[in-house]
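Observations on the model geometry
Here is what each chain is made of, one letter per residue.
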Protein chains: 2
Amino acid sequence: MSLALQLAAILGPRGWIPGHEAAPWQRDWLDRYGGRPLGVARPASTDQVAAVAAACHAAGVPVVPQGGNTGLCGGAVLGQPGGVILSLARMADIGTPDPASGSIEVGAGAVLQCVHEALHGSGLMFPLHLGAEGSAQIGGLIGTNAGGSHAFRYGMMGDLVLGIEAVLADGTVWNGLRAVQKDNAGYPLRRLLCGAEGTLGIVTRAVLRLVPEPRQRATALLTLPDLTAATAFGIRLRAEAGEFLTGLEFFSGLGLDLALEHVPGLAMPLETRGSCYLLVEVASGSALVPLDDILGGVLEQGMEDGLVLDGALAASEAQRAAFWRLREEQPEGQRLEGPQLKHDISVPPGRIADFVAEGAALCEGLVPRVRINPFGHLADGNIHYNLTPPAGAAGFAGRDQDLGLALAKLAARMGGSFAAEHGLGRAKIALADAVRPAVERRIMARIKAAFDADGMLNPGAVVGGVQQE
Amino acid sequence: MSLALQLAAILGPRGWIPGHEAAPWQRDWLDRYGGRPLGVARPASTDQVAAVAAACHAAGVPVVPQGGNTGLCGGAVLGQPGGVILSLARMADIGTPDPASGSIEVGAGAVLQCVHEALHGSGLMFPLHLGAEGSAQIGGLIGTNAGGSHAFRYGMMGDLVLGIEAVLADGTVWNGLRAVQKDNAGYPLRRLLCGAEGTLGIVTRAVLRLVPEPRQRATALLTLPDLTAATAFGIRLRAEAGEFLTGLEFFSGLGLDLALEHVPGLAMPLETRGSCYLLVEVASGSALVPLDDILGGVLEQGMEDGLVLDGALAASEAQRAAFWRLREEQPEGQRLEGPQLKHDISVPPGRIADFVAEGAALCEGLVPRVRINPFGHLADGNIHYNLTPPAGAAGFAGRDQDLGLALAKLAARMGGSFAAEHGLGRAKIALADAVRPAVERRIMARIKAAFDADGMLNPGAVVGGVQQE
């Protein structure tokens, strides 16, 4: 019996989509990767996932797990035609939150926004937020160790996952669905699966960590002279209001202009313009904390010292949403301007201004008048250092790879990373091999082999295929 | 040239201690493990560590890294005679804190308390605290992924280490001294080294994450009727004061009695006795937070509802220290009572009362009238479930292993861990093999082989030697 027939028999009519109907799953979000699959498996249970993995393993056919397919590095589609895409979308159950333990168990296919909605009114929340939350699934967020705007306070996905169930390359099920923060019984397999992009195992279920929902919140939008001032202001914010800080996001003058020009319905409430804007959000679980006073005090001092030029506190939930949209539509504003290059950098937070300045000199040297649009997460040093061609130009004069390499090396020199929260996928393998120490890449290839000696799970992602020595 | 002579030449007279003078390093803290070494290497630099590792690798002689040697599972001494103990104590440099990035770089031999002292007055702190901090070294804390009393708020050691430099089995140096929270460029080697107890690499340097030092603090000691009430009170505390909670520690009536009886200078300030005591500590970086009101409000409500029977707020730093001593001297009180069995359990925090009750039934079934002294960290579910023989008995009637296995299985059934923050070392290998899924132990052995194919680094710890398939 052919593999396709075997899989159809395992999965039933709703669970198997043949290759010629696979278009909705085939390509990545940026439409850069994705070979035509043999078909799309849509299992409804861990047992079915295990059976699919075992059958594919026996047939020597690769499997690529896919969540919401919102990744930016091509990690959730096929590098070569002929493999099987395994969509977790039907395994989307969401359990009951456990308030005593601060946890909830969910299927890998649960959409992040549905998890948020399921917790509504429980007094607990799952503190991961990112632009794609209406589509991104828990399994994919684990696979990419997603970050987002709240990571500084609550951690990345790997910090928020207490337990995992996963199916290994040969169909063996690993039940690591423990629900405890402290587990030092050997190497942290759970941590390894977070960020492994499905190359070590197929995540099927997870226990997520919940935190108390804040009872009050304050949000401010600020104009600052530059990123150096923003860094100084950030230090002060952390010192005075660090335990309340849930958002400290920055964007640039260029980014604001592009968003206002291209994205309908945006408005900038501040009159004073600068080269840097900050969105600051603080939240508290206690109604007794004078949150407005605390934030107001830091703002006032910042204005007195010239670190802050202008600012507004959100007076309503609608205004708060409008402030956040200015930040969240940064990618969309740039996308609508035309071609772009995305770089997902992190540096020690104190080096952000240096990185942006030195990066600009490097980019200008490679592509004169290239337009640089850095935005991101000031508190953890994560810069989305995105480029738009010089005004009137159609592209980057063929220097796309050179730009990426120069910025990656600069980040490395500053003690940072060229792959902060988007992962490697297929898009950044060459960069990883060029920038990271050879011993690091060698050990990673051996770890891949320890889980998946035959290279059946998402081959070509993260390590670029198993390199046997 | 013999290996000893080679190592003496690499390390110089201060750096090599021959086996017959190795007694201070040879045995573990509980004096259960430790074969006589060929000698103790005390390198002063990463280059020297690399040279020692390479020479030992070439000679086929095992190396066991050792920090402050305060571990409880025998992971920092030799399982067999003849290997080399590699002490990091001379690599104890402490860098300058970087307030903009919230980080500091230190040598693996830096003692935790010295790191705390070096940060004094900087406005920043390193938020890891545990009983052994006067001896425990950063490298050992990384190797065991140490937890402690503040882990609920700030995370375990693995959460507080941004970057690592390590020497691999063959002497290759891996420089992972990045200083960023977000780094998704492949598998998290840094996370793997945290908790690996020196079996995957020898940690030589680290970049630690710092947090703003609190400006105010409030500490309370409470009597509660039982652990069920403590759990209910804990939920409320997290909801009302979760972002300020730095300590939520429990101990038992028996534990209090043993400590008061054996440890000089302890005093219990509360008149009302119960079966459960809580030490609650909250802290804030903002002087504007009405911390006493917030904590006082939760306490008052708890008393009204019968969850809290009695309580006192520390009125001075001396009183605060006295409260903490009641909790921190729990191990010492029990040690002075005579023989004991230590179990380092974690369960989902909501299951603590169930675990203690069901565990008591199991233990009573195996050793009638055994005395159970559970204490630990209520907020993260970490129970030090320690046993003292029945009054008048010299031991546990030969049921030591049975007790450990029964409790480990109970923890597993509740979604917890039998090795919460002390690791596996040599003491818990058999337990891990008995309790954890075979696939999990198999993958761990393969990971060990991926780093250290010849089993040269701390053989016998964590995975019990490389099991080739």
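The structure displayed is predicted, hence computed values, not measured ones.

1. A word on the pairing of strand S7 (residues 161-167) of chain B
Residue and element names in this part refer to chain B.
- Within S7, 7 of the 7 residues are buried, leaving the element largely enclosed by the surrounding structure.
- Here S7 pairs with strand S9 (residues 202-209) via 6 bridges, running antiparallel. Note on S9: the bridge partner recorded for Ala166 is Val203.
- Where S7 meets strand S8 (residues 173-176), 4 bridges bridge the pair, whose relative direction is antiparallel. Pairing of Glu165 across the sheet is with Asn175, part of S8.
- Here S7 folds back onto S8 in antiparallel fashion, the turn holding 5 residues, of which Gly171 has a positive phi close to 95°.

2. Considerations on the sheet that holds strand S8 (residues 173-176) of chain A
Residue and element names in this part refer to chain A.
- The 4 strands lie next to each other as S5-S9-S7-S8, forming an open sheet whose pairing is antiparallel. Every other strand in the sheet has two partners, leaving strand S5 (103-107) and S8 as the edge strands with one partner each. Strand-to-strand twist of the sheet, defined as the mean angle between neighbouring strand axes without regard to direction, takes the value 15°.

3. A word on the pattern of salt bridges
- Under the criterion given, the structure shown has 52 salt bridges over all chains.
- A salt bridge links Arg178 of chain A to Glu440 of chain B; the nearest nitrogen and oxygen atoms lie 3.2 Å apart. Remark: Glu440 of chain B occurs in helix H17 (residues 438-451) and Arg178 of chain A occurs in the loop between S8 and helix H8 (189-193); the pair is interchain, linking two chains.
- The exposure class assigned to Arg178 of chain A is buried, which follows from its relative accessible area of 13%.
- Residue Glu440 of chain B is classed as buried on the basis of its relative accessible area, which comes to 1%.

4. A look at the nonpolar core
- Ranked by size, the top nonpolar core spans 103 residues in total, and within it Ile138 of chain A together with Ile138 of chain B carry the most contacts.
- Not counting the four nearest positions on each side in its chain, Ile138 of chain B is found in contact with Val106, Gly107, Ala108, Ala110, Leu112, Val115, Met157, Ala206 and Leu208 of chain B.
- In terms of nonpolar packing, the next biggest core, distinct from the first, is built from 96 residues, Ala229, Leu387 and Met414 of chain A together with Ala379 of chain B among them.

5. A closer look at the interface of chain A and chain B
- Each partner contributes residues to the interface: chain A has 86 residues there, and chain B has 86 residues.
- Carbon and sulfur atoms make up 58% of the surface buried where chain A meets chain B, a total of about 6800 Å² over both sides.
- Counting the surface chain A buries against chain B, the share from its top three residues, Lys182, Asn184 and Tyr187 of chain A, is 16%.
- Viewed at the interface, chain B and chain A are joined by 14 salt bridges.
- Two residues, Arg436 of chain B and Asp183 of chain A, come together in a salt bridge whose shortest N-O distance is 2.9 Å.
- Our count for the chain A to chain B interface comes out at 52 residue pairs in polar contact (both at pLDDT 80 or more).
- When residues of the side of chain A that touches chain B are traced back to their parent elements, those giving at least two are helix H6 (151-154), S8, H8, helix H9 (227-241), strand S13 (276-284), helix H11 (291-304) and helix H17 (438-451) of chain A.
- Its residues assigned to classes, the side of chain A that touches chain B shows 42 nonpolar, 24 polar and 20 charged.

6. Structural notes on the state of the cysteines
All names here are of chain B.
- Evaluated as defined, the whole model comprises 0 disulfides over all chains.
- Of all cysteine sulfurs, the one in Cys194 lies closest to Cys73, which takes part in no disulfide; the gap is 17 Å.
- Since its relative accessible area comes to 4%, Cys73 is described here as buried.
- In this model Cys363 remains outside any disulfide bridge; the closest cysteine sulfur is found in Cys73, 18 Å from its own.
- In this structure Cys363 comes out as buried when scored by relative accessible area, which is 1%.

7. What about the domain arrangement of chain A?
Residue and element names in this part refer to chain A.
- Domain annotation of chain A identifies domain 1 (3-87), domain 2 (94-212), domain 3 (214-324) and domain 4 (338-449).
- Centre-to-centre separation of domain 1 and domain 2, based on C-alpha positions: 22 Å.
- Contacts between the two partners involve 14 residues from domain 1 and, on the opposite side, 16 residues from domain 2.
- A combined buried area of about 1100 Å² lies between domain 1 and domain 2, and 70% of that area is made up of carbon and sulfur atoms.
- For the domain 1 face of the interface with domain 2, the top three residues by lost area are Thr46, Pro65 and Thr70, together amounting to 36%.
- Across the domain 1-domain 2 interface, the total number found is 1 residue pair in polar contact (both at pLDDT 80 or more).
- Among the elements that take part in the side of domain 1 that touches domain 2, helix H3 (residues 46-59) stands out by supplying 6 residues, more than any other.
- Considering only residue class, the side of domain 1 that touches domain 2 consists of 7 nonpolar, 7 polar and no charged.

Cut-off values and rules
Residues numbered from 1 in each chain as written. Chains lettered and ligands numbered in written order. Predicted model: local features only at pLDDT ≥ 70, side-chain atom pairs only at ≥ 80, totals over all residues. Heavy atoms only, no water. Buried < 20%, exposed > 50% of the residue type's maximum accessible area, 1.4 Å probe, protein only. Helix = DSSP H or I, 4+ residues; strand = E, 2+ residues; numbered from the N terminus. Pairing = 2+ DSSP bridges. Axes fitted to C-alpha atoms, helices over the stretch in contact; angles between N-to-C directions. Salt bridge = Lys/Arg side-chain N within 4 Å of Asp/Glu carboxyl O. Core = buried A, V, L, I, M, F, W, Y, C linked by side-chain atoms within 4.5 Å. Contact = heavy atoms within 4.5 Å. Buried area = accessible area lost by both parts, 1.4 Å probe. Polar contact = N/O pair within 3.5 Å; in protein donor to acceptor, adjacent residues only side chain to side chain. Nonpolar A, V, L, I, M, F, W, Y, C, P; charged D, E, K, R; others polar. Disulfide = S-S within 2.5 Å. Domains from an automatic or database assignment.

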